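# Architecture and fold: a report
Residue strings, one per chain:
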Amino acid sequence: PSAHADTATSGQGADITFQAVSFSYPTSPDLMVLNELSLHLPAGKRVALTGESGSGKSTTVQLLLRFYDPTGGVITADGVDIRTMDVATWRRNIGLVSQEPTLFAGTVEENIVVGAPDATHEQVVEACVAANALGFIEQFPEKFQTPMGNAGMQVSGGQKQRIAIARALIRKPRL
């Protein structure tokens, strides 16, 4: 995969570095998915991984989330090997939105607070502003109380994605 970092900074995060990371899945040890990937993801930058299907984008994210560990090389956060960190604590610091996020049959607000059950309405609004979702939510007939329908079928794919981004951001993840 290739990475692109834009100039937007958030003032938080950690420097993530992939140093000569190699990986093959346990079920196919002879098929190298990543071969000495070296990549620096600067703290506070938005980064997009791009590449053809099968180029290792999803694998790179799975390694970052510690679903797997590299077969070679090291991944560090602020210079610390992530394999030395508690997995649950590490994952709590990461906000990830998949390409096809899942929404539930509840309201817009209920879908967002899944990420932080104790969040106030003001925090929900703040997360929606950050996710660029507030404008279309305010156009819904019942605003934040609008039902999403089964699996979020009442909204477009882009709206679903922004609601899922708000759900990730409300947790204020470090990454």
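As a reminder, the structure under discussion sits directly above these lines.
Here's a quick rundown of the structure. Note that the coordinates shown come from a computational prediction; the quantities given were computed from them, not determined experimentally.

### Overview of the overall build of the protein
Helices and strands together make up the secondary structure of the protein, namely six helices and six strands. Listing the helices and strands of the protein from first to last along the sequence gives β-β-β-β-α-β-β-α-α-α-α-α. Over its C-alpha atoms, taken along the principal directions, the protein stretches across nearly 55 × 30 × 30 Å. Within the protein, counting contacts between residues at least 6 apart in sequence, those at least 24 apart form 68% of the total. Counting every atom, the protein has about 9900 Å² of accessible surface; 51% of that belongs to carbon and sulfur. In the protein, which carries 14 positive and 17 negative side-chain charges, the distance between the mean positions of the two groups comes to 1 Å.

### Comments concerning the packing of aromatic side chains
Within the structure shown, the criterion is met by four aromatic pairs. On the basis of an interplanar angle of 55 degrees and a centroid distance of 5.3 Å, the ring pair of Phe-23 and Tyr-68 is categorised as tilted. Within this pair, whereas Phe-23 is found in strand β2 (residues 16-23), its partner Tyr-68 is found in the loop between α1 (57-64) and β5 (72-77), the two being separated by 45 residues in sequence. Of the residues examined, Phe-23 reaches a relative accessible area of 2% and is grouped as buried. Given a relative accessible area of 30%, Tyr-68 falls into the partly exposed group.

### A closer look at the nonpolar core
Counting 21 residues, the largest nonpolar core has Val-108, Ile-112, Cys-128 and Ile-137 as its most contacted members. For this core, the secondary-structure elements that each account for two or more residues are α3 (108-113), α4 (121-130), α5 (134-139) and α6 (157-169). Ignoring anything within four residues of it in the chain, the contact list for Cys-128 reads Ile-112, Ala-133, Leu-134, Ile-137, Phe-144 and Ala-166. Formed by 17 residues, the second largest nonpolar core is a distinct cluster that contains Leu-64, Ile-75, Ala-77 and Ile-94.

### So, the pairing of β2
For β2, a buried count of six out of eight residues is recorded, marking the element as mostly surrounded by other parts of the structure. Sheet topology note: the β2/strand β3 (residues 34-41) ladder contains five bridges and is antiparallel. Looking at the pairing, Ile-16 lines up with Leu-41 of β3. Note: β2 against β5, five bridges, orientation antiparallel. Within β5, the position partnered with Ser-22 by the bridge is Gly-72.

### Points about the sheet that holds strand β6 (residues 80-81)
Strand order in the open sheet made by the four strands is β3-β2-β5-β6, with antiparallel pairing throughout. Looking at strand neighbours, the two that pair on one side only are β3 and β6, the edges of this open sheet. In the packing of α1 onto the sheet, the strands contacted are β2, β3 and β5, and the crossing angle to β2 comes to about 115 degrees.

### Let's talk about the environment of Val-125
Along the polypeptide, Val-125 turns up in helix α4. The spatial distance from the C-alpha of Val-125 to the C-alpha of Val-155 is 18 Å, given a sequence separation of 30 residues. When sequence neighbours within four positions are dropped, the list of residues in contact with Val-125 reads Leu-134 and Phe-144.

### Notes on α6
With 13 residues, α6 extends 18 Å between its outermost C-alpha atoms, agreeing within 8% with the 18 Å of an ideal straight helix rising 1.5 Å per residue. When we look at burial in α6, the residues that qualify are Lys-160, Ile-163, Ala-164, Ala-166, Arg-167 and Ala-168. Buried residues belonging to α6 abut α3, α4 and α5.

### Some remarks on α4
Among all positions in α4, only Val-124, Ala-127 and Cys-128 are buried. What you see down the axis of α4 is that its buried residues fit within an arc of 100 degrees, all on one side. The exposed residues of α4 that point more than 90 degrees off its buried face are Glu-122, Val-129 and Ala-130. Its buried side turned inward, α4 meets α3, α5 and α6. Positioned one or two residues after α4, Asn-132 has a phi angle of 55 degrees, which is positive.

Conventions used here
Residues numbered from 1 in each chain as written. Predicted model: local features only at pLDDT ≥ 70, side-chain atom pairs only at ≥ 80, totals over all residues. Heavy atoms only, no water. Helix = DSSP H or I, 4+ residues; strand = E, 2+ residues; numbered from the N terminus. Contact = heavy atoms within 4.5 Å. Areas by Shrake-Rupley, 256 points an atom, 1.4 Å probe, with all protein chains shown as cover. Lys, Arg positive; Asp, Glu negative; His and termini not counted. Charge placed at Lys NZ, Arg CZ, Asp CG, Glu CD. Phe/Tyr/Trp six-rings, centres within 6.5 Å; stacked < 30°, edge-to-face > 60°. Buried < 20%, exposed > 50% of the residue type's maximum accessible area, 1.4 Å probe, protein only. Core = buried A, V, L, I, M, F, W, Y, C linked by side-chain atoms within 4.5 Å. Pairing = 2+ DSSP bridges. Axes fitted to C-alpha atoms, helices over the stretch in contact; angles between N-to-C directions. Expected span 1.5 Å × (residues − 1). Arc of directions from axis to C-beta.

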